[in-house]
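Read off the chains here:
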Amino acid sequence: MITRPNVKVNLGLNVLRRREDGYHDIETLFVPSYECSDTLEIIAGDDWSRTSARLSGLYDASSGQISQAISEDGKLMITIARKEGVDWDPLSDLTAKAYRLLDGEFGLGSVKIFLEKTSPVGAGLGGGSADAAFALRMLSELFELGLSDDTLSAYASKLGSDCAFFVWNRPMIGEGRGEILSEYALEGIDFGGNEGGGYVLKLVVPEGMAVSTAEAYRGICPGMPEIPLREALARPVEQWKDCLVNDFEKTVFVLHPELAAIKASLYEAGAVYAGMSGSGSALFAIYRKA
């Protein structure tokens, strides 16, 4: 079973207050983007893999581009490939955590996970969260668990604040830590997975730059926005520049002024709206279609 987990973009992101559990309450609009994605394959037992041979041919294990691990109980083998190198323990990957979460609930059989990471890491696009959410759905189908989207979303929220969004994978307002989701009709913008619309959304991912979410939060001063998110989104796209904000830009742009320069260049190039996704470093621009 093979899927292509896509990424997301945040249209506006307000950090409202710090919670007693150490997290922050936010409000944002999650929008799927299909400009980049990973490749995720999960197979049961000793079934044949279509991905493993491909990874071996494209990536160099001796230079750290491929990393593989097997769980202590032998039930999970996970292989991760990435051109820039895999600098984390595969067993700590969110796909492995997704397996352990459902295995603890349902006693799953053994699996092999093959993950090709081609989406940016540390860019605020939620690639790891997407992998986790897609893994949950794949495992439910593979082992015929019959889990509903609501149930998958509840499991996904245990893995990360924005994981649940990828269960639904359509425009959703995120509140609480980001796991409280509600439908939002976003019309007129082509974000890669829909046809038509007078505007198109394009990603801009600075090469070789990652931003730590903890670092981004460090300088944040939570508070209520001057214009609430839903009110800002209800205005014409041409007015978003003056009312739809990402609070992380205040701190991240100070630490990485080159990102502020990129955002300014997007407006100079004709964007009607530009912003940073999540805690960065990826940005995006919305252009009027010709």
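Just above, that's the structure.
Residues numbered from 1 in each chain as written. Predicted model: local features only at pLDDT ≥ 70, side-chain atom pairs only at ≥ 80, totals over all residues. Heavy atoms only, no water.

1. Brief notes about the packing of helix 3 (residues 127–142) against helix 4 (residues 149–157)
To be explicit about the condition: Structural elements are reduced to axes, namely lines fitted to C-alpha atoms, with helices fitted over the stretch in contact, and the angle between N-to-C directions of any two is expressed from 0 to 180 degrees. For the purposes of this entry, the term helix denotes a DSSP run of H or I that reaches at least four residues, the term strand denotes a run of E that reaches at least two, and both are numbered from the N terminus. Angle categories are assigned with fixed cut-offs, so that under 35 degrees is roughly parallel, over 145 is roughly antiparallel, 65 to 115 is roughly perpendicular, and the rest are oblique. The handedness criterion is simple: a crossing whose near helix is rotated anticlockwise from the far helix by less than a right angle is left-handed, and one whose near helix is rotated clockwise is right-handed. Two residues qualify as a contact provided that any one of their heavy atoms is within 4.5 Å of a heavy atom in the partner residue.
Two elements in contact, helix 3 and helix 4, have axes separated by 10 Å at closest approach and are oriented at 130°. Between helix 3 and helix 4, the angle falls in the class oblique. Where helix 3 crosses over helix 4, the handedness of that crossing is right-handed. On helix 4, the residues touching Leu136, Arg137 and Ser140 of helix 3 are Asp149, Leu152, Tyr155 and Ala156.

2. So, helix 9 (residues 257–268)
Stated precisely, the cut-off is as follows: In a helix, the anticipated span is given by 1.5 Å times the number of residues less one. Exposure is judged per residue with a 1.4 Å probe applied to protein chains only, and the accessible area is read against the type maximum: over 50% gives exposed, under 20% gives buried, and values in between give partly exposed. Our arc is simply the arc of the directions from the helix axis toward the C-beta atoms.
Taking 1.5 Å per residue, 12 residues should reach 16 Å; helix 9 reaches 17 Å between its end C-alpha atoms and fits that length. Among all positions of helix 9, only Leu259, Lys263, Leu266 and Tyr267 are buried. Taken down its axis, helix 9 places every buried residue within 100° of arc, on the same side. Against strand 11 (199–204), helix 8 (248–255), strand 12 (273–276) and strand 13 (283–288) lie the buried residues of helix 9. Count one or two residues on from helix 9 and you reach Gly270, which has phi positive near 110°.

3. Side note on the pattern of salt bridges
Formally: Salt bridge, as used here, is a side-chain nitrogen of Lys or Arg placed within 4 Å of a carboxyl oxygen of Asp or Glu.
Summed over the entire model, instances satisfying the criterion amount to 16 salt bridges. With a closest N to O distance of 2.7 Å, Lys75 and Asp103 form a salt bridge. One end of the pair, Lys75, is in the loop between strand 5 (66–70) and strand 6 (76–81); the other, Asp103, is in helix 2 (residues 94–106), and 28 residues separate them in sequence. Assessed through its relative accessible area of 21%, Lys75 is described here as partly exposed. A salt bridge links Asp247 to Lys250, with the nearest nitrogen and oxygen atoms 3.7 Å apart.

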